[in-house]
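Per-entry structural report
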Amino acid sequence: VDCGFVPRLVIIKKRNNTGGWLIFDTLRGITAGNDCYMFLDSSAADVCSYDVLDLVDSGGVKGFSVPTLGSNNDNGSTYIYYAHSWHSSCRLINL
């Protein structure tokens, strides 16, 4: 998905299924290997067992890709996503 920017937060939901909303962020970790994510609509702990999302910043494309993994990128399904980034001058503060 070419967003025009490299996202720091991505939320994905399969539209034609009752599955949950998956949320990924760079603080939790989006890597080339297994990614940590959580379900937005669940109190379950983070899941860090699968390569579900990869950030893309090459060849003029900035965004993310979703490797073929049955429940997150299967043929015949449609998905909705939200991607967000923040300016590098923004700081995180712990309250």
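Coordinates for the structure precede this section.
Keep in mind that what you see is a predicted model, and the values were worked out from it rather than measured.

1. Some words on the packing of aromatic side chains
The geometry of an aromatic ring pair comes down to the distance between the two centres and the angle between the two planes. Per the stated rule, a full pass over the model turns up three aromatic pairs. Plain terms: the ring middles of F24 and Y37 are 5.3 Å apart, the flat faces sit at 45° to each other, and that makes the pair tilted. Of this pair, F24 sits in strand β2 (residues 22-25) while Y37 sits in strand β3 (residues 35-39), and the two are 13 residues apart along the sequence. The class of F24 is buried, set by a relative accessible area of 0%.

2. Side note on the state of the cysteines
Evaluation of the coordinates by the stated rule reveals one disulfide. One disulfide in the model links C36 with C48; its S-S distance is 2.0 Å. Negative torsions about the S-S bond denote left-handed disulfides, and the value of about 115° found for C36 with C48 makes this one right-handed. Within this pair, whereas C36 is found in strand β3, its partner C48 is found in strand β4 (residues 47-50), the two being separated by 12 residues in sequence. A relative accessible area of 18% places C36 in the buried class.

3. A few points about the sheet that holds β4
Pairing is antiparallel in the open sheet, where five strands are placed in the order β4-β3-β2-β1-β7. Looking at which strands have only one partner, the edges of the open sheet turn out to be β4 and β7 (79-84). Between one strand and the next, the sheet's axes are offset by a mean angle of 30°, whatever the strand orientation. As paired strands, β2 and β3 are joined by two bridges and run antiparallel to one another. Directly across from I23, in β3, lies its bridge partner M38.

4. Observations regarding the pattern of salt bridges
Here the structure, examined in full by the defined rule, presents three salt bridges. With its nearest N and O atoms 2.9 Å apart, the salt bridge here joins D46 to R28. Remark: R28 occurs in the loop between β2 and β3 and D46 occurs in the loop between β3 and β4; sequence separation between them is 18 residues. Residue D46 is classed as partly exposed on the basis of its relative accessible area of 40%. Residue R28 is classed as partly exposed on the basis of its relative accessible area of 26%.

Conventions used here
Residues numbered from 1 in each chain as written. Predicted model: local features only at pLDDT ≥ 70, side-chain atom pairs only at ≥ 80, totals over all residues. Heavy atoms only, no water. Phe/Tyr/Trp six-rings, centres within 6.5 Å; stacked < 30°, edge-to-face > 60°. Helix = DSSP H or I, 4+ residues; strand = E, 2+ residues; numbered from the N terminus. Buried < 20%, exposed > 50% of the residue type's maximum accessible area, 1.4 Å probe, protein only. Disulfide = S-S within 2.5 Å. Pairing = 2+ DSSP bridges. Axes fitted to C-alpha atoms, helices over the stretch in contact; angles between N-to-C directions. Salt bridge = Lys/Arg side-chain N within 4 Å of Asp/Glu carboxyl O.

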